[in-house]
Amino acid sequence: MSETGLSHEIKQQMSENQRQIDQLNDQLSRKTDEIKIIQTISSEILNTLDLEVLFGNIMSLMHEVFGFEHCMILLNEDEQLRVAASHGHEDQGIGMTVPMGKGVIGTVAQRRKIMRMMGLRTRRRYVQRTAGADADALPSLKDADSQIAIPLQVKDKLVGVYTVESDKANAFDALDEEILTIVSNQVAAAIDNASAYNELQKLAEANSRFVPRQFLRLLGKESITETELDDQIESAMTVLFSDIRDFTPLSESMSPAETFAFVNDYLGTMAPVIREHGGFIDKYIGDAIMAIFPNSPGEAVAAGLKMEQHLALFNTRTAEQGRPPIRIGIGIHTGPLVAGIVGFAERLEGTVIGDCVNTASRLEGVTKELSVTLLVSETVVNELADESEYVFNSLGEVAVKGKAQKVQVFGVTERL
Amino acid sequence: MIAEDLIPALQGIVPAWIVTTSDENIPNCTCVSQVYPVDETHVAISNQFFSKTFRNLQNNKHAVVQVIHPADNSMWVLEIEHVRTETEGALFDEMDMQLAAIASMSNMEDVFKLQSAYVFKVHSVSHLTEAQHPAKSI
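The rules behind the values
- Residues numbered from 1 in each chain as written.
- Chains lettered and ligands numbered in written order.
- Predicted model: local features only at pLDDT ≥ 70, side-chain atom pairs only at ≥ 80, totals over all residues.
- Helix = DSSP H or I, 4+ residues; strand = E, 2+ residues; numbered from the N terminus.
- Buried ≥ 20, exposed ≤ 12 C-beta atoms within 10 Å, placed from the backbone.
- Contact = placed C-beta atoms within 7 Å.
- pLDDT = per-residue confidence, 0-100.
- Pairing = 2+ DSSP bridges.
- Axes fitted to C-alpha atoms, helices over the stretch in contact; angles between N-to-C directions.
- Expected span 1.5 Å × (residues − 1).
- Nonpolar A, V, L, I, M, F, W, Y, C, P; charged D, E, K, R; others polar.

Topic: the overall build of chain B
Okay, step 1: Counting secondary structure elements, chain B contains two helices and seven strands.
Okay, step 2: Taking all 138 residues of chain B together, the buried fraction comes to 35%.
Okay, step 3: Long-range pairs, those at least 24 residues apart, make up 69% of the contacts in chain B with a sequence separation of at least 6.

Here it is, written out as C-alpha cells:
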C-alpha cells in the first residue's frame, strides 16, 4: 500500500473515531439530561400535592429539556379520560373528555400500552376517505402529525394518559419513547399520591362537619384521629339553647320529607350565625340547636339577637310559600363545663357536660311563659365585658331542676 | 439489511406501493398505508381486507415494495418474500392497536380490523435514484 493510501486510511479511521466519540457524547449528554429531569421531577413530586402545579412544572421541564412542545395529561375518571393539563396548545382543551378506546389516547388507555404513531394526517385521511366518515372531535394539537401516548399506571390501576404531539410527520423515535416511559411512571405515582391525599382531605372535611374543628381545638387536638375516650377539658363556657316553639303540631301538618326539608331550611338559616359569632354547634336535637361559645358570653348574646333577626327573614320567606310564621325560644347561660369524648370504644361522641347545659335548656323552656324570644341568666349579664351595648329587662327568677337556688333571668334587646 | 436511516420510511408517513403477481403472472400494484419494520431483515404489512394482494401472495410469495423517506422524499425499493402470517403476538398487537386508534377516530373500529400481519423477509434494499431527478419538460 502506498504512503498516501495509508495516510488516507488513517485519516478515514480518525474521522470515523471522531464520529463515534461525538455519538457517544450525544448519548452521554442525553443520559445526563434524563437523570437530571428524573431528579427534578422526583423532588417536585415530593414537594407538591397540587396536581395542576405539578403537571405544569413537569410539562415545562419536558419541553425545556427534551423539546416536547405539545403535551397533555388526561386523568381516568369513571372510564373516561379527562384533559387535566395541557402545555403548548393554542386551545387548552381542559375538561374535554376522550372515551375509552377512542383515538390514540383512548386506545392507549384501553390497551394499557405505549403507542408511537407517525404520519397521523395521512392515516386519518385514508380512513376518512375510505369510510366517508368525519373524525370525531378529540382533544388534540391542531394539525398533529406525530404522537406518542403512554398509559399512566400504578400497579394495575390506570390513572391516566400522558401524550406528546407534534405537527411534524416524524417527530419521535425510540429514545423519546424511553424517556417518556420513565417520566410517566413518576407522573402516575404523583397522581396516585395526590388523589390519596385529596381523599384524605375530603374525609377530614366530612369529619369536621360531624365533629367541629373548634371542639377538637378545645381538647387540644388537631385531628379526630388523635382523640381518645376520656379526653376532656374543663373550662368556663357559654351554652346557647334554641328550639322551635310548638313544632310538634306544625310537623304533623307536613309529610316526613317536608319536615326534613323544613328543619334543614330553618337550621341552614340559623346555624351559620353561631359560627359567625365564634361558637360551634355541639349538637342538633331535632329542630333544637345546642351551641357552645368557648370565648365569651358576649358572643353568645350577639348570636342570639342575630338569630332573632334571621327568624324574621325566615318567616317572610316561608310566608311566600303559604306557611304560618314560627316562633323560637333561645336560652343562654354561662358556667363551668366539661368538654370531652364520651361513649365506649366502638361508638364515641364529643360532647359537653355540666349543670350549665341544663340551665340554658331550662331558660329556653320558659321563654314561652315569659313571652320573650331570648332569655339570659344573671351570670351572663355579669360576665359581659361591655353590657352597655344591650338593654336588660329583669323577668324574675326561674327554678331549675336539681338546683336549690333560683336563677335570675333577663330579656335582652339591643340598645338603639 | 434495513439500516436505521431507513426507519422513518417505515412509519406510515407516506403510503407505500406493493407489487405482487397472480398465478397467470399478471402484476398488481396497490397502495398500503404502512410497511412496518419488524427487525433488521423483516418487514410486515397489515391485512385488513382480503384483497387481490393477499390472494396473489398465496401463489407467489415474492413481491416488491416501494417506500418513500419523509425527510427527502427519496424512494427505496425492497424485494421481499412472504414468510409467515401472524394473527397474535407483539407485532400483531402493535399493528392492531395503531389501526384501532386511527379507525376509532371515525367510528370505524368495527370495519377497520386487522385480520392478520403478513411478515416478509427482505432480500434487498435499493435506492431508486432515477426517480429523484425527473426529466424536466421544456
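Comments concerning the confidence of the model for chain A
Okay, step 1: Confidence in the prediction for chain A averages 87 pLDDT; 97% of positions are at 70 or higher.
Okay, step 2: Confidence, expressed as mean pLDDT per element, reaches its minimum in chain A at helix α4 (residues 120-131) of chain A with 74 and its maximum at strand β12 (residues 374-377) of chain A with 95.

Here's the deal with the environment of I244 of chain A
Residues and elements named next belong to chain A.
Okay, step 1: Within the secondary structure, I244 is located in strand β7 (residues 232-244).
Okay, step 2: According to the C-beta neighbour criterion, I244 is buried, with 21 such atoms within 10 Å.
Okay, step 3: Each C-alpha atom, one on I244 and one on I289, is 9.5 Å from the other, the two residues being 45 residues apart in sequence.
Okay, step 4: With sequence-adjacent residues up to four places away left out, I244 is seen in contact with Y266, D287, I326 and I328.

So, the sheet that holds strand β4 (residues 115-117) of chain A
All names here are of chain A.
Okay, step 1: One open sheet holds the six strands; their spatial order is β3-β2-β1-β6-β5-β4, and the pairing between them is antiparallel. Two strands close off the open sheet at either side, each with one partner strand: β3 (97-99) and β4. Between one strand axis and the next, the sheet turns through 25° on average, direction left out of account.
Okay, step 2: Pairing between strand β1 (residues 70-77) and strand β6 (residues 157-166): six bridges, direction antiparallel.

What about unusual backbone geometry?
Residues and elements named next belong to chain A.
Okay, step 1: Located in the positive-phi region is K155, a residue other than glycine, with phi close to 50°.
Okay, step 2: Turning to its location among the elements, K155 is positioned in the loop between β5 (146-154) and β6.
Okay, step 3: With 6 C-beta atoms counted inside 10 Å, the residue K155 sits in the exposed group.
Okay, step 4: In this structure, D246 is a non-glycine residue whose phi angle is positive, near 50°.
Okay, step 5: For D246, the position within the fold is in the loop between β7 and α7 (247-252).

Let's talk about helix α10 (residues 355-366) of chain A
Okay, step 1: Taking 1.5 Å per residue as the helical rise, α10 of chain A with its twelve residues ought to reach 16 Å, and the 17 Å between its terminal C-alpha atoms agrees with that figure.
Okay, step 2: All of the buried residues in α10 of chain A are C356, V357, T359, A360, R362, L363 and E364 of chain A.

Some remarks on the interface of chain A and chain B
Okay, step 1: With 26 residues of chain A in contact, the opposing surface of chain B contributes 21 residues.
Okay, step 2: Here the side of chain A that touches chain B takes seven residues from α4 of chain A, the largest share from any one element.
Okay, step 3: Considering only residue class, the side of chain A that touches chain B consists of eleven nonpolar, eight polar and seven charged.

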